[in-house]
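# Descriptive structure summary
One-letter residues, chain by chain:
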Amino acid sequence: LTGSYFVGASVATRLGTDIVAAHQIGLQVWVFASFFVDGIAVTATSLGGRFLGEQRPDKWKALGNRLLLLGLLTGSAFSLLFFFAARPLQMLFTNDPSLTTIIDQYWWLIVVSSPFNALVFVYDGILFGSRDYKFLRNSVAGALVLAFLPVLATGYFTTLSITTIWLALVARNGFRLVTAVWFFKYRAEGRFVPGR
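Structural notes, computed from the coordinates. Counting from 1, residues in each chain are numbered in the order their sequence is written. With pLDDT at 70 or above as the cut-off, local features in this predicted model cover only qualifying residues; side-chain atom pairs require 80 or more to be listed or tallied, and sums for whole chains, interfaces and linings still use all residues. Side-chain measures were taken over the full set of non-hydrogen atoms in the model, leaving aside hydrogen atoms and water.

Once that is clear, we can look at the overall build of the chain. The helix and strand inventory of the chain stands at 7 helices and 0 strands. Each helix is a run of H or I in the DSSP string that is no shorter than four residues. Each strand is a run of E no shorter than two, and both are numbered from the N terminus. Along the chain, from the amino end to the carboxyl end, the secondary structure elements read α-α-α-α-α-α-α. A compact globule built from 196 residues would reach a C-alpha radius of gyration of about 16 Å, and the chain, at 18 Å, matches this within 12%. Judged by the C-alpha coordinates and their principal axes, the chain covers about 55 × 35 × 20 Å. When accessible area is computed with a 1.4 Å probe and restricted to protein chains, residues below 20% of their type maximum are described as buried, those above 50% as exposed, and intermediate ones as partly exposed. Within the chain, buried positions represent 46% of all 196 residues. At a minimum sequence separation of 6, the contacts of the chain that also span at least 24 residues come to 79%. Each accessible area is a Shrake-Rupley estimate made with a 1.4 Å probe; only the visible protein chains count as cover when residues are assessed. Put simply, the chain shows about 10000 Å² of open surface, and 67% of that area lies on carbon and sulfur atoms. Taking the 16 positively charged and 9 negatively charged side chains of the chain as two groups, their mean positions are separated by 11 Å. The atom set for the radius of gyration is the C-alpha atoms, and the globule formula is 2.2 Å times the number of residues raised to the power 0.38. Between two residues, a contact is recorded if the distance between any of their heavy atoms is within 4.5 Å. Positive: Lys, Arg. Negative: Asp, Glu. His and the chain ends are not part of the count. Charge positions are represented by NZ for Lys, CZ for Arg, CG for Asp and CD for Glu.

Have a look at this one:
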């Protein structure tokens, strides 16, 4: 995850100082939403780990489904907030029209991806609770190598813009969401054994 932020910021610097500033504003909004949803993820980690330790996969699955729904609703609420209060939120960081114009180029991606990002964060909590760290590591590494970098590289050699960087971030989380959904489905059915 840190690698994708590092590379994204590095590419943004090649586009100019205004692009870097606009990019960092978006990241602050993105990170704020993720920290908010982390409260739900912590519940998935603590209670989910307990249910699995007690050999109660039915409770683990029910808890996961409930928290995923709560995460989706929370992410959707953030999506609405980012849509209807875009300019006031941006003005918390800058009143420079040139920067807000740049932010507008990718802001729609933050709006659209917020519900799915929230699901990714909750799934992280579920994965930590199940102690399947190897799977989580592979998922995050795969998201960087198979989603983030290819999208960024494609844009880098064609029409690189700040939107390209944000498309790469969204692709990264999209990859993580797909792998997490697969994990949760198969783990809940007892068809996925950690370490195999």
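The rest of the description comes next.
Another aspect to go through is the layout of surface pockets. Residues are said to line a cavity or pocket when one of their atoms sits within 4 Å of a point; the points come from a 1 Å grid over protein atoms alone, cavities being sets where a 1.4 Å probe fits but cannot get out and pockets being open sets with protein on both sides within 12 Å along at least five of seven lines. Grid points are joined across faces, edges and corners, and a volume is the space filled by probe spheres set on the points. Considered as a void within the structure, the largest pocket measures approximately 290 Å³ in volume. Around the largest pocket, the lining is made up of 17 residues, and of these Leu 1, Asp 38, Phe 121, Asp 124 and Arg 176 lie nearest the centre. Elements supplying a minimum of two residues to the lining of the largest pocket: α2 (17-53), α5 (97-130), α6 (133-156) and α7 (162-188). Counting residues per element, the lining of the largest pocket draws most heavily on α2, which supplies 6 residues. Only Asp, Glu, Lys and Arg are considered charged, only Ala, Val, Leu, Ile, Met, Phe, Trp, Tyr, Cys and Pro nonpolar, and every remaining residue, Gly among them, polar. Here the lining of the largest pocket is composed, by residue class, of 10 nonpolar, 3 polar and 4 charged.

Before going further, it helps to spend a moment on the pattern of salt bridges. Pairing between side chains of opposite charge can happen when the charged atoms of each approach one another. Any Lys or Arg side-chain nitrogen located within 4 Å of an Asp or Glu carboxyl oxygen qualifies as a salt bridge. For the structure shown, the criterion picks out 4 salt bridges. Between Arg 87 and Asp 104 there is a salt bridge, and its shortest N-O distance comes to 2.8 Å. Of this pair, Arg 87 sits in helix α4 (residues 86-91) while Asp 104 sits in helix α5, and the two are 17 residues apart along the sequence. When the shortest N-O distance is used, the salt bridge between Asp 124 and Arg 176 registers 2.5 Å. One end of the pair, Asp 124, is in helix α5; the other, Arg 176, is in helix α7, with 52 residues separating them in the sequence. As far as burial versus exposure is concerned, Asp 124 and Arg 176 are alike and both buried. Connected through shared salt-bridge partners, Arg 50, Glu 54 and Arg 56 make up one network.

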